[in-house]
Amino acid sequence: MPWLRHITRAAGPAPEGEPGSWVNDAAREKFMAAYDRVFALWPQPREEFDIETATATTRVHAYRPHPGGEPVVLLTGAGGNAAAWFPHVAALAEDGPVYGIDMPGDANPSVPRALMTPPENCAAWLDELLGKLSERPAHLVGFSYGGWVACNQALRAPGRVASITLLDPAGLTRPDARFYRWLTISGLATLTPMPLRRRLARWLDNPVMLEPELMTLMWAAIRGYRMEPKFPAVLTDDELRAIDVPVLLVTGARSALLTPAQARARGSLMPRAEVAVVPGSHGGFNRIGELNERIAAFIKAQAPGEQAARQISKK
């Protein structure tokens, strides 16, 4: 939609076959100024470091008041970065470290040296990254495209995966006009004055629009970075049946990407999946505290002692 790019001054996608890149140095500096401010929303003390793998330099954000437990690894949606996880980090760090990953190929300090979207490339990158983060298997929590990344990992390289939590994940259905309409209206709504934006946020069921720091960061990314396009193929029924790790699949009751009926149907194909429907739209979950409790309880239930107790109780 050229008219939309003209209105928003979006940078557009990276050239075909090339990793993501900045429009220019000034755009990167503007983004990084907003990026540094928004991470003040994370619980403190927060650590920040880079991990080198064969195909990328990946920026990682760590909050680890309990560093010895199984890690929780947060995978964000297309075009995003780990900043948006701030409402969830502390609640998921009660038993082990939490790591927020800046996906190479998106607007963030990570630097891709190869395409990250081919499923084999993505799985190889994340498997190497997880191995350098911890010797213990990780609980992957993925939103939207990050949900596809988690599914892809559980399918192609499950050795370092303890469980996956999928928040309105991509890859289970093909986005239709309803989703793109919601995405376009939501994006344009973030440019309106705050009194109108509050009303639009209620109508769209998208409270994230009311976080000014995140919106400033989002537009710096859209206008300053040529993102590697992310349109994952829909996972087949056989691929879903092959995902043999514990799965928590969460969708918003008003999600424009994955309806409750679709979530139940596709979730039923995964041997060890449970499905939860929560208030909200695509990523605009309204009861964050309840959602965090649900995710934390699911992750805790995968501990070896908890699983053994469940098996005994079934006998």
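Residues numbered from 1 in each chain as written. Predicted model: local features only at pLDDT ≥ 70, side-chain atom pairs only at ≥ 80, totals over all residues. Heavy atoms only, no water.

Participant: Explain the environment of A263 to me, using residue names and the numbers behind them.
Facilitator: Mapped onto the secondary structure, A263 falls in helix α9 (residues 260-267). The buried category is assigned to A263, whose relative accessible area is 0%. When the C-alpha positions of A263 and E274 are compared, they lie 9.9 Å apart, and in sequence the two are eleven residues distant. The contact partners of A263, leaving out residues within four places of it in the chain, are L249, T251, L258 and V275. (Helix = DSSP H or I, 4+ residues; strand = E, 2+ residues; numbered from the N terminus. Buried < 20%, exposed > 50% of the residue type's maximum accessible area, 1.4 Å probe, protein only. Contact = heavy atoms within 4.5 Å.)

Participant: Residue-level account of the nonpolar core, with values.
Facilitator: Within the largest apolar cluster, 39 residues are counted, with the highest numbers of intra-cluster contacts made by V73, I101, W125, L140, I164 and I243. For this core, the secondary structure elements donating two or more residues are β3 (56-63), β4 (72-75), β5 (98-101), α3 (119-133), β7 (138-143), α4 (145-156), β8 (161-167) and β10 (247-252). Among the nonpolar cores identified, the runner-up in size contains 37 residues, and W42, Y63, L74 and I295 belong to it. (Core = buried A, V, L, I, M, F, W, Y, C linked by side-chain atoms within 4.5 Å.)

Participant: For the environment of A107, give the residues involved together with the corresponding values.
Facilitator: Mapped onto the elements of the fold, A107 is located in the loop between β5 and β6 (111-112). When near neighbours in sequence (up to four residues on either side) are disregarded, A107 contacts W22, F31, G80, N81, A221 and Y225.

Participant: Please set out helix α7 (residues 212-224) residue by residue, giving values where relevant.
Facilitator: For α7, which comprises 13 residues, the first-to-last C-alpha distance of 18 Å matches the rise-based estimate of 18 Å (1.5 Å per residue) to within 8%. Buried within α7 we find L214, M215, L217, W219, A220, A221 and G224. (Expected span 1.5 Å × (residues − 1).)

Participant: Tell me what's going on with the environment of N24, and back it up with residues and numbers.
Facilitator: Positionally, N24 belongs in the loop between β1 (21-22) and α2 (25-38). On the basis of relative accessibility, which here comes to 38%, the residue N24 falls in the partly exposed class. Placed 200 residues apart in sequence, N24 and G224 show a C-alpha to C-alpha distance of 7.4 Å.

Participant: I'd like a description of the packing of α3 against α4, backed by residues and values.
Facilitator: Running from amino to carboxyl end, α3 crosses α4 at an angle of 85 degrees, the nearest separation of the two axes being 9 Å. Comparing their axes, α4 and α3 come out roughly perpendicular. Every residue of α4 that contacts α3 at P119, E120, C122, A123, L126 and D127 is listed here: W148, V149, N152, Q153 and R156. Classifying every residue of the contact of α3 with α4 gives six nonpolar, two polar and three charged. (Axes fitted to C-alpha atoms, helices over the stretch in contact; angles between N-to-C directions. Parallel < 35°, antiparallel > 145°, perpendicular 65-115°, else oblique. Nonpolar A, V, L, I, M, F, W, Y, C, P; charged D, E, K, R; others polar.)

Participant: Can you lay out the side chain of S255 for me, pointing to particular residues and giving the numbers?
Facilitator: In this structure, S255 sits in the loop between β10 and α9. Given the relative accessible area of 2%, S255 is considered buried.

Participant: Can you tell me about the packing of aromatic side chains, naming the residues and giving the values?
Facilitator: All told, the structure shown has eight aromatic pairs when counted by the stated rule. Measuring from centroid to centroid gives 5.6 Å for F31 and Y35, while their planes differ by 35 degrees, and the two rings are tilted. Here Y35 and F31 lie together in helix α2, a separation of four residues that amounts to about one turn. Classification of Y35 as buried rests on a relative accessible area of 0%. In this structure, K230 is placed above the aromatic ring of Y145, and the distance from its NZ or CZ to the ring centre is 5.6 Å. (Phe/Tyr/Trp six-rings, centres within 6.5 Å; stacked < 30°, edge-to-face > 60°. Lys NZ or Arg CZ within 6 Å of the ring centre and 35° of its normal.)

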